[in-house]
Structures are given as C-alpha cells and as structure tokens.
Amino acid sequence: MKTNHLTILGPCSLESMEQIEPIILLAQKFGIFTIRAHLFKPRTNPDSFQGLHENGIELVKNIKTKYPGLKLVEEVLSLKQYLLTQDYFEYIQVGARNMQNFELLKDLATHLLPHQTIILKRGFANTLEEWIQSARYLIKYGLKKEQIILCERGSRSLTSSTGMHPDFICAFQAKHDYDFQVIFDASHSTKEATYVLPMAEASQAFGLDGLLIECHPQPMMALSDKDQAIDLEALEQFLSKFYALKEFTGKKNLNVISDNQ
Ligand code: PEP
Ligand code: MN
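Residues numbered from 1 in each chain as written. Chains lettered and ligands numbered in written order. Predicted model: local features only at pLDDT ≥ 70, side-chain atom pairs only at ≥ 80, totals over all residues. Heavy atoms only, no water.

### Quick notes on the pattern of salt bridges
Think of it this way: side chains of opposite charge can pair up when their charged atoms draw near.
Part 1 of the reasoning: In total, this model carries 11 salt bridges according to the counting rule given.
Part 2 of the reasoning: Across the salt bridge formed by Glu103 and Lys106, the nearest N and O atoms sit 3.1 Å from each other. Separated by three residues within a single helix, Glu103 and Lys106 lie in helix α4 (residues 102-111), roughly one turn from each other.
Part 3 of the reasoning: Note on Glu103: relative accessible area 48%, which makes it partly exposed.
Part 4 of the reasoning: Residue classification places Lys106 among the partly exposed residues on the basis of a relative accessible area of 22%. (Salt bridge = Lys/Arg side-chain N within 4 Å of Asp/Glu carboxyl O. Helix = DSSP H or I, 4+ residues; strand = E, 2+ residues; numbered from the N terminus. Buried < 20%, exposed > 50% of the residue type's maximum accessible area, 1.4 Å probe, protein only.)

Here it is, written out as structure tokens:
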C-alpha cells in the first residue's frame, strides 16, 4: 500500500495543445506528471460539449510524444471507449455515475493492462459499503488492490448552494478501515472555483493519498465545468504552499504511481 501523495492536475476535458501545455509545464515545476486529459465526458445535458472523443486521439499521441514522462488520466464510459484509447492512458477513471455500472467494472477489470490503474469515484448518493463492493468487483474480475484508487467526489447536499459537499469521513474510512488508496476530487465535490483550493487543503487533514484539481489557462473559456476551473496563477500559489507544507510534515512528494507501475 502506498502512502505517498498523488496529485492529478488538468482540465475537465481535453480541448487543445494550447490548453493543456501550460498546465503540463506548471505541473512539472512541482514534480507532478499525472495529467488529466479526458476525451469522453459524461454530461447531464445532451447538448453540452461531450469531449473530443476519437478526434482527440491524435492530440493525445502528440502530448505523449512531446512529454514522454507523463501519466495520463482518462474517463471511459464503455469498454469500446477503453479499447480505443487503451494505449495512451495510465489511469482509467470510472465516474460517479458509473460506480455501480457492474458490467463496465467487470469489463475494465478483465481487460485492464498490468501497468494501468482504475480510479473509482464514489457515486454522489452511494454509501461507503457500496463503494467498497464496487471495488470488490474490480478485484473479483482480475485487478490487484494496488491497481485501484478510490476517489471521493462529494455527495448530493441538501444545504450547500452548490448542491455538493465532500464526505471526508467516508474517504477516511475507505482508507483506514478497508486499506484502499483514496484521493480527493476537490473540483466536482465543490463545483465552484472559490471553494476548490480551501477544500483541497482541508482534505489533507484527513491524510488522504492524493488530490484531483481541475484547472484551465482561461477558466471562462473552458468547454466544460468552467465555474470550478482554477486559473494557473492561483494553482501555482496553492501548489507552492501545499508542497512546502508536505516537505515540512515529511510526507514528501509526490507523484507516486501505484506499485504496479
Ligand atoms: C469528472 O471527473 O470529469 C466527472 C465527471 O466527475 P464525477 O464522475 O465525479 O461527476
Ligand atoms: Mn469536470
């Protein structure tokens, strides 16, 4: 079981080299090589931008050629999407809406390559026990526990104006009671840029294994989730403080990949 810290930075959805390159360069300054480059976006509104889909594969290949050390993160909604993009991504996210899509879990567990890791988000109305059972599907159908990272992304809230709030206790218990690696998605569990970085910082008090933060060089131009995208100046300030604190507390960098990589 890893105890070091995994930071994932990147846009909600991959748009262009101009969009992602400044994020990669900033991340590398902090020794971060795990970059979100989603091609397939599950959207509530069918008319919203759905990601570049297969039209983005060439761009992903170019990113990998130009920055060979990167580990890329994608989300897939089907086996077909996974097989189409399997060669370019190291982390495969199963989103909140698919946490209990058992056929997808079985398919991914059966086909996943040994160097790949699944990031399994908690559904926003799912319990700790349901989350763990979904992770058990992955294990039952072929994955090692080290190939699974759980990701807390918040629950539906009755009180928050954003409609979401993170459940750190659930995340903490998944880590300590069930011995999974658990990271925190500060973006989808807050939904507004104002709250993302303070919540990211707060999550660290629970000793989780990592963070996911959505960012964009021009947040207002983002094709998806623009309200929660952090601009790169604010992100740099946050990372400077965050990693200084990590050095101080001895929980050193950083972008540790699961044992299988
Ligand atoms: C995402 O990470 O892009 C996403 C859609 O998150 P979630 O599944 O947590 O809503
Ligand atoms: Mn998003």
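### Some remarks on empty space enclosed by the protein
Part 1 of the reasoning: Overall, the coordinates contain two cavities of 30 Å³ or more when judged by the stated rule.
Part 2 of the reasoning: In this structure, the second largest cavity occupies an estimated 40 Å³ of space.
Part 3 of the reasoning: In this structure, the second largest cavity is lined by Glu201, Phe238, Lys241, Phe242 and Leu245.
Part 4 of the reasoning: It is helix α8 (residues 232-249) that provides the largest number of residues to the lining of the second largest cavity, a total of four residues.
Part 5 of the reasoning: Its residues assigned to classes, the lining of the second largest cavity shows three nonpolar, no polar and two charged. (1 Å grid on protein atoms, 1.4 Å probe; cavity = no way out; pocket = protein on both sides within 12 Å on 5 of 7 lines; lining within 4 Å. Points joined across faces, edges and corners; volume = space filled by probe spheres on them. Nonpolar A, V, L, I, M, F, W, Y, C, P; charged D, E, K, R; others polar.)

### Let's talk about the coordination of the manganese ion (ligand 2)
Part 1 of the reasoning: The coordination sphere of the manganese ion (ligand 2) contains the protein donors Cys12 (SG), His188 (NE2), Glu214 (OE) and Asp225 (OD), at a distance range of 2.0 to 2.4 Å.
Part 2 of the reasoning: Read N to C, the donor residues that coordinate the manganese ion (ligand 2) are spaced as C-x175-H-x25-E-x10-D. On the criterion of sequence distance, the pair formed by Cys12 in the loop between β1 (6-10) and α1 (17-29) and His188 in the loop between β9 (181-185) and α7 (193-203) is long-range, its members being 176 residues apart. His188 carries the same exposure label as Cys12, and that label is buried. (Donors = N, O, S within 2.8 Å, 3.2 Å for Na, K, Ca; no water.)

### Some remarks on the layout of surface pockets
Part 1 of the reasoning: Space inside the largest pocket adds up to approximately 310 Å³.
Part 2 of the reasoning: Pro42, Arg97, His188, Lys191 and Asp225 are the residues nearest the centre of the largest pocket, which is lined by 19 residues in total.
Part 3 of the reasoning: The residue makeup of the lining of the largest pocket, split by class, is four nonpolar, six polar and nine charged.

### Structural notes on the confidence of the model for the protein
Part 1 of the reasoning: Per-residue confidence for the protein averages 94 on the pLDDT scale, and 93% of its residues sit at or above 70.
Part 2 of the reasoning: Here residues 256-261 scores under 50 on pLDDT; set against residues more than four positions off or in separate chains, the count is 29 contacts. (pLDDT = per-residue confidence, 0-100. Contact = heavy atoms within 4.5 Å.)

### Brief notes about the pairing of β9
Part 1 of the reasoning: Counting buried residues in β9 gives five out of five residues, a clear majority hidden from the surface.
Part 2 of the reasoning: Neither face of β9 is open: one carries Gln181, Ile183 and Asp185, the other Val182 and Phe184, and all of them are buried.
Part 3 of the reasoning: Examined bridge by bridge, strand β6 (residues 148-152) and β9 share four bridges and lie parallel to one another. Looking at β9, one finds that Glu152 is bridged to Phe184.
Part 4 of the reasoning: The pairing of β9 with strand β10 (residues 210-214) spans three bridges and is classified as parallel. When the sheet's bridge partners are listed, Ile183 is paired in β10 with Gly210.
Part 5 of the reasoning: Following the chain from β9 across α7 to the adjacent parallel β10, one finds a crossover that is right-handed. (Pairing = 2+ DSSP bridges. Right-handed = clockwise from strand over helix to strand, strands pointing away.)

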